[in-house]
Amino acid sequence: KDGEALGGTRKGIIEPIEVRAQPEGLGLGAVPKAKSPPKDRGGRKYIPKPGEERDRREVEKDRIRREAAERTGTFLVGDKVAITGGRHRGLTGEISFAYAHEIMVKLSASGEEVTVDKKDLDGDVSKAKGIKTMAEEERERAEEKEREKKERKKERDRGDRDRDRDRDRDRDR
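The structure reproduced in this document is the subject of the present report.

The rules we used
- Numbering of residues starts from 1 in every chain and runs along the sequence as written.
- Selection of residues for local features in this predicted model requires a pLDDT of at least 70, selection of side-chain atom pairs for listing and counting requires 80 or more, and totals for whole chains, interfaces and linings are taken over all residues.
- Excluded from the side-chain calculations are hydrogens and water; all other atoms, namely the structure's heavy atoms, are used.
- Numbered from the N terminus, helices here are DSSP runs of H or I no shorter than four residues, and strands are runs of E no shorter than two.
- Contact between two residues is taken to exist if any of their heavy atoms lie within 4.5 Å; hydrogens are not considered.
- Per-residue accessibility takes into account occlusion by the displayed protein chains alone, with areas from the Shrake-Rupley method and a 1.4 Å probe.
- The salt bridge definition used is simple: a Lys or Arg side-chain nitrogen within 4 Å of an Asp or Glu carboxyl oxygen.
- Pairs of strands are assigned from DSSP output, requiring at least two bridges between the strands.
- Within this analysis, patches are made of residues with over 30% relative accessible area and no salt bridge. Like charges are joined at 9 Å or less; nonpolar side chains (Val, Leu, Ile, Met, Phe, Trp, Tyr) at 5 Å or less.
- Only buried residues count toward a nonpolar core, which is a set of Ala, Val, Leu, Ile, Met, Phe, Trp, Tyr and Cys residues joined through side-chain atoms within 4.5 Å.
- Relative accessibility under 20% of the residue-type maximum defines a buried residue, over 50% an exposed one, and the middle range a partly exposed one, all with a 1.4 Å probe and only protein chains included.

## Points about the overall build of the protein chain
When its secondary structure is counted, the protein chain shows 2 helices and 5 strands. Across the protein chain, helices and strands are ordered from the amino to the carboxyl terminus as α-β-β-β-β-β-α. When contacts within the protein chain are restricted to residue pairs at least 6 apart in sequence, those whose partners lie at least 24 apart make up 36%. Here the protein chain displays about 15,100 Å² of accessible surface, and carbon together with sulfur accounts for 51% of that area.

## Here's the deal with the pattern of salt bridges
If you walk through the whole model with that rule in mind, you get 4 salt bridges. When the shortest N-O distance is used, the salt bridge between lysine 119 and aspartate 120 registers 3.5 Å.

## What to know about the environment of tyrosine 99
Following the sequence through the fold, tyrosine 99 ends up in strand S2 (residues 92–99). A sequence separation of 19 residues divides tyrosine 99 from lysine 118, and the C-alpha atoms of the two residues are 9.5 Å apart.

## Observations regarding the sheet that holds strand S3 (residues 102–107)
Read from one edge to the other, the open sheet built from 5 strands follows the order S4-S3-S2-S1-S5, with strand pairing classed as antiparallel. A strand with exactly one partner marks an edge of an open sheet, and here the two such strands are strand S4 (113–117) and strand S5 (121–122).

## Considering a nonpolar patch on the surface
On the surface, Leu6, Ile13, Ile17 and Val19 cluster together into a nonpolar patch covering about 470 Å² of accessible area. With respect to the secondary-structure elements, isoleucine 13 resides in the segment before helix H1 (56–72).

## Section: the nonpolar core
Counting residues in hydrophobic clusters, the biggest one holds 10 residues: Phe75, Val81, Ile83, Ile95, Ile103, Val105, Leu107, Val114, Val116 and Leu121. The biggest single contributor to this core is S3, with 3 residues.

## Some remarks on the pairing of S3
Of the two faces of S3, only one is covered, namely that formed by Ile103, Val105 and Leu107; the face formed by Glu102, Met104 and Lys106 stays uncovered. As judged from the 6 bridges shared by S2 and S3, these two strands associate in the antiparallel manner. Each bridged residue has a counterpart across the sheet, and for glutamate 94 the counterpart in S3 is lysine 106. Joining the antiparallel neighbours S2 and S3 is a turn of 2 residues, in which alanine 100 adopts a positive phi near 55°. Direction of pairing for S3 relative to S4: antiparallel, over a ladder of 5 bridges. Along S4, the bridge assignment pairs methionine 104 with threonine 115.

## Structural notes on the pairing of S2
Every regular strand shows the same layout, with side chains that alternate between the two sheet faces. With 3 bridges connecting them, strand S1 (residues 80–83) and S2 associate as antiparallel partners. Each residue of the ladder has a partner; that of alanine 82, found in S2, is threonine 92.

Everything listed here is a matter of geometry and, on its own, says nothing about what the molecule does.
Structure follows, in structure tokens:
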């Protein structure tokens, strides 16, 4: 009957069991945190008021943008640049065309025109001297592999000689 406890002895629960969906990503027994009301930014960039805390992601984005702007600055057609990232890193060239973040660079070494992202360029040409090109890195990896291969072969040969020497010694006894 309504209002009576459950079970044969009528000592069970009286209030009904409330069924609710668990928030996504929370396990059984987890209690979700109370959400703060969302800030209405109206589709515009939110500028915090003095004394108001900024979101750490916004702070990090601003820092990265400032660093990139300081490093890259503005590039004009005819500027000499060093390529510090991407397929052509370590090379230098002259800007032949610039559009937004994509820059066409005529390489000094080959005269080839390549498209490079603005973030991969640096106005200080001397920085390209210390950067290894991808071809140099690949060559070094191949040389290292070859050295390791020779070392393994040397170890294997040394082991064969030791085995032969031990077998000869056993035969002579």
